[in-house]
Amino acid sequence: MKKYNKILPAVLATALMAMPLASEACTNFIVGKKASTDGSVLCSYSADDYGMFQYLCHYPAGKHAKGEMRQVYDWDTNVYHGQIPEAPETYNVIGNINEYQVTIGETTFGGREEMVDSTGILDYGSLIYIALQRSRTAREAIKVMTSLVEQYGYNSEGETFTICDPNEAWIMEMMGCGPASHQVVWVALRIPDDAICAHANQSRITTFDQKDSKNVMYSKNVIKYARKMGWFEGKDKDFSFRDAYAAPDFGGRRYCEARVWTFFNHFSDDMQRYVAYAAGKDPNAESMPLWIVPNRKVSVHDMEMCMRDHYEGTPFSLDGDIGGGIWDMPYRPTPLSYKVDGKQCFNERPVSTQQSGFVYVSQMRSWLPREIGGVLWFGNDDANMVAFTPVYCSSTRVPECYSTPGVDGLTFSDKNAFWVCNWVSNMVYPRYSQMFPSLQVVRDSLDNSYLTAQKEVEAEAIKLYAADQSKAVAYLNDYTVAKAQQMISRWRQLAVYLIVKYNDMAVKPEKDGQFTRTETGNPSRVLRPGFPEKYARKIIETTGNRYVIE
């Protein structure tokens, strides 16, 4: 989703270090099928944007008559852009996965401002969901996306797309070629099956093998346009998409590439060498690779936990200063940059963030019937604060909690997952170390139950599929709905539990899972934990003898 800054030529990078940056950003992680524990292709997406209400979208499969047109509205703003012809046939899409297990995610890197074509019809979000409706494979999705923007124009800023199917994982970067151009530059690379990759609002594709037609696709003008604009003068083989169109500045490295670094760091013994690059302050630091081969296989659970990352145990950890408040919140207020006594300062931007509208981990499996093989493990808030419920790619009914009638960013409903999950997380954020353990118990219990049940549920679906495919699809759709509704019911209970247990910054005692009472039936006296020791020490250190009793 939305980016930080519009990256200008590299010569201005140092000047940009002092510029205030926008607040929005997204994160994508990608795992090849030989790098996962079970042979799945995996990818994740955190759709982050302050103030944006999110839900689980659905586009039903359909047949379309010749001449039928599709209206295109901007995915972010809902502004009408124009229309394009419908495809003769479109496929069922639930969230960011379709019935053929094709999954597409994105992060916005911005790039050169003058390359934006505001007259183009297709924005990045519309392009994703149109491609999902028209593609049976990742390669086909790339061809659909690029041919559409080359014909109708692309009006978003620079974008990195994750495009996966049960057999292949791809990363593609795209930019327009200026106002009214209806042209784009783009390059797509297949990620090796034994590798993992990531992107987080900074262009990551540098040089690429222009002769490898099996694993590389790119626009004919990708180098010519850079030469024409005076942004590249070397040999074709040395052309770097990132360096020509979106060279990383301080924000591109510290706010964006650091999130890639922390994902790689979970699965590598060699990431210390790239700390200086991710930190953003050394212009000569060694750049990170686009992908790495992990030191162990990656599971769905691993991906969920990586989406919950706050740089714990790394040089970028958020638990070493008072910014987290009394209860060590691993989140920081927006905006990312601020001034103190004329000095430009910044906050860390971890993977897990309060601005997430939805998150998912997509699991795509080639050895299962396609209706069963694709699962979108979905949550409707910050990944750290939600359970990921299973949404099967063949689903044609959306759980009520993920698409609640009459609800939006200004209309609360306790039937809606976005609002109930935000209700809980916003109680927990400011008292994190005190309250998060209670949330974590519920979150992990649900996550574990879904992952444990998966084998049995899918065995039953396969049995039904052999006799009647439609019954298998209905069974999985019922399961999708049931687990989502179970989650929101449990989350409403959690909301009530948190306000009762932690009311007024005290803690009500429990025994065997029940709040305790006195012999006369009154609630037991509350516990008053006071300041955590670390914070109490900081208060005395910064105030001298003011609070010391002589």
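Here, every reference points to the structure presented above.
A brief look at the structure comes next. (Residues numbered from 1 in each chain as written. Predicted model: local features only at pLDDT ≥ 70, side-chain atom pairs only at ≥ 80, totals over all residues. Heavy atoms only, no water.)

1. Concerning the overall build of the protein
- Within the protein, the secondary structure is distributed over 13 helices and 23 strands.
- Relative to its length of 550 residues, the protein is compact, with a C-alpha radius of gyration of 24 Å against a globular reference of 24 Å.
- Each of the three principal axes of the protein carries a C-alpha extent, and together these read 80 × 65 × 45 Å.
- Within the protein, counting contacts between residues at least 6 apart in sequence, those at least 24 apart form 72% of the total.
- Here the protein contributes 58 positively and 65 negatively charged side chains, and the mean placements of these two sets differ by 1 Å. (Helix = DSSP H or I, 4+ residues; strand = E, 2+ residues; numbered from the N terminus. Rg over C-alpha atoms; globule rule 2.2 N^0.38 Å. Contact = heavy atoms within 4.5 Å. Lys, Arg positive; Asp, Glu negative; His and termini not counted. Charge placed at Lys NZ, Arg CZ, Asp CG, Glu CD.)

2. Side note on the packing of helix H11 (residues 432–467) against helix H12 (residues 469–501)
- Their axes nearest at 10 Å, the elements H11 and H12 cross at an angle of 170 degrees. Viewed along their axes, H11 and H12 adopt a mutual orientation that is roughly antiparallel. (Axes fitted to C-alpha atoms, helices over the stretch in contact; angles between N-to-C directions. Parallel < 35°, antiparallel > 145°, perpendicular 65-115°, else oblique.)

3. Here's the deal with the pattern of salt bridges
- Under the defined criterion, the tally for this structure stands at 25 salt bridges.
- Across the pair Glu 460 and Lys 463 runs a salt bridge whose closest N-O atoms are separated by 3.8 Å. Of the two residues, Glu 460 and Lys 463 are both situated in helix H11; the distance of 3 residues between them amounts to about one turn of the helix.
- We classify Glu 460 as partly exposed; its relative accessible area is 30%.
- Taken together, the shared-partner salt bridges in this structure form one network comprising Arg 139, Glu 168, Arg 190 and Asp 193. (Salt bridge = Lys/Arg side-chain N within 4 Å of Asp/Glu carboxyl O. Buried < 20%, exposed > 50% of the residue type's maximum accessible area, 1.4 Å probe, protein only.)

4. Quick word on unusual backbone geometry
- Cis geometry is found at the peptide bond from Thr 334 to Pro 335, where omega equals 0 degrees.
- Its location among the elements puts Pro 335 in the loop between helix H8 (300–306) and strand E17 (337–340).
- Non-glycine residue Ala 180 carries a positive phi angle of around 60 degrees.
- Considering the arrangement of structural elements, one finds Ala 180 in the loop between strand E12 (169–176) and strand E13 (184–191).
- Classification of Ala 180 as exposed rests on a relative accessible area of 57%.

5. Overview of H11
- The first and last C-alpha atoms of H11 sit 50 Å apart over 36 residues, in line with the 52 Å expected at 1.5 Å per residue.
- Of all the bends in H11, the greatest, near 40 degrees, is centred on Gln 454. (Expected span 1.5 Å × (residues − 1). Bend = angle between axes of the 7 residues up to and from the residue.)

6. Considerations on a nonpolar patch on the surface
- Residues Val 496, Ile 499, Val 500 and Phe 515 make up a contiguous nonpolar surface patch of about 300 Å² in total accessible area.
- At 3 residues, H12 tops the list of elements feeding residues into the nonpolar patch.
- As for its position among the elements, Phe 515 is in strand E23 (residues 514–515).
- Accessibility expressed as a relative area gives 31% for Phe 515, which makes it partly exposed. (Patch = residues over 30% accessible without salt bridge, like charges linked within 9 Å, V, L, I, M, F, W, Y side chains within 5 Å. Areas by Shrake-Rupley, 256 points an atom, 1.4 Å probe, with all protein chains shown as cover.)

7. Focus: the environment of Tyr 475
- Topologically, Tyr 475 is positioned in helix H12.
- Note on Tyr 475: relative accessible area 26%, which makes it partly exposed.
- With residues near it in sequence (within four places) discarded, Tyr 475 still touches Val 457, Glu 460, Ala 461 and Leu 464.

8. Description of the sheet that holds strand E2 (residues 41–48)
- Pairing within the open sheet is antiparallel, and its 7 strands lie in the order E16-E14-E1-E2-E19-E20-E21. Every other strand in the sheet has two partners, leaving strand E16 (291–292) and strand E21 (389–392) as the edge strands with one partner each.
- Strands in contact with helix H6 (residues 250–265) are strand E1 (27–31), strand E14 (196–199) and E16; relative to E14, the strand with the most contacts, it is inclined by about 160 degrees. (Pairing = 2+ DSSP bridges.)

9. Considerations on helix H3 (residues 138–152)
- Over its 15 residues, H3 extends 21 Å from the first C-alpha to the last, a length consistent with the 21 Å expected when each residue adds 1.5 Å.
- When we look at burial in H3, the residues that qualify are Ala 138, Ala 141, Ile 142, Val 144, Met 145, Thr 146, Leu 148, Val 149 and Tyr 152.

10. Overview of the pairing of strand E20 (residues 375–379)
- Burial of E20 is extensive: 5 of the 5 residues sit out of reach of the surface.
- Residues Val 375, Trp 377 and Gly 379 of E20 are buried on one face, and the alternating residues Leu 376 and Phe 378, pointing to the opposite face, are buried as well.
- Relative to E20, strand E19 (residues 356–364) runs antiparallel, the two sharing 5 bridges. Paired with Val 361 across the strands is Trp 377, a residue of E20.
- For E20 and E21, the ladder comprises 4 bridges, and the chain directions are antiparallel. Within E21, the position partnered with Phe 378 by the bridge is Thr 389.

11. Notes on the packing of aromatic side chains
- Evaluated as defined, the whole model comprises 35 aromatic pairs.
- Ring geometry for Phe 208 against Tyr 218: centres 5.3 Å apart, planes inclined by 55 degrees, an arrangement best described as tilted. Of this pair, Phe 208 sits in the loop between E14 and strand E15 (216–218) while Tyr 218 sits in strand E15, and the two are 10 residues apart along the sequence.
- Phe 208 sits in the buried class, given a relative accessible area of 8%.
- Through pairs of rings, three or more aromatic residues link up here, namely Phe 208, Tyr 218, Tyr 225, Trp 231, Phe 232, Phe 239, Phe 241 and Tyr 245. (Phe/Tyr/Trp six-rings, centres within 6.5 Å; stacked < 30°, edge-to-face > 60°.)

12. Quick word on the pairing of strand E10 (residues 103–110)
- Counting buried positions over the 8 residues of E10 gives 8, a clear majority of the element.
- Judged by which residues are buried, E10 turns out to be covered on both faces: Thr 103, Gly 105, Thr 107 and Phe 109 on one side and Ile 104, Glu 106, Thr 108 and Gly 110 on the other are all buried.
- Relative to strand E11 (residues 158–164), E10 runs antiparallel, the two being bridged by 7 bridges. Across the sheet, Ile 104 pairs through a bridge with Ile 163, a residue of E11.

13. Re the state of the cysteines
- According to the stated counting rule, one finds 0 disulfides in the structure shown.
- Free of any disulfide, Cys 401 has its nearest neighbouring cysteine sulfur in Cys 421, separated by 8.0 Å.
- Overall, Cys 401 belongs to the buried group, its relative accessible area being 0%. (Disulfide = S-S within 2.5 Å.)

14. Overview of the packing of helix H2 (residues 124–134) against H3
- Contact pair H2 / H3: the axes reach a minimum separation of 9 Å and the direction vectors enclose 130 degrees. The orientation of H2 relative to H3 falls into the category oblique. You can see that H2 and H3 cross each other, and the crossing is right-handed. Contacts between H2 and H3 involve Leu 127, Ile 130, Ala 131 and Arg 134 from the first element and Glu 140, Ala 141, Val 144, Met 145, Leu 148 and Val 149 from the second.
- Along the lines of polarity and charge, the residues of the contact of H2 with H3 split into 8 nonpolar, no polar and 2 charged. (Left-handed = near helix turned anticlockwise from the far one by under 90°. Nonpolar A, V, L, I, M, F, W, Y, C, P; charged D, E, K, R; others polar.)

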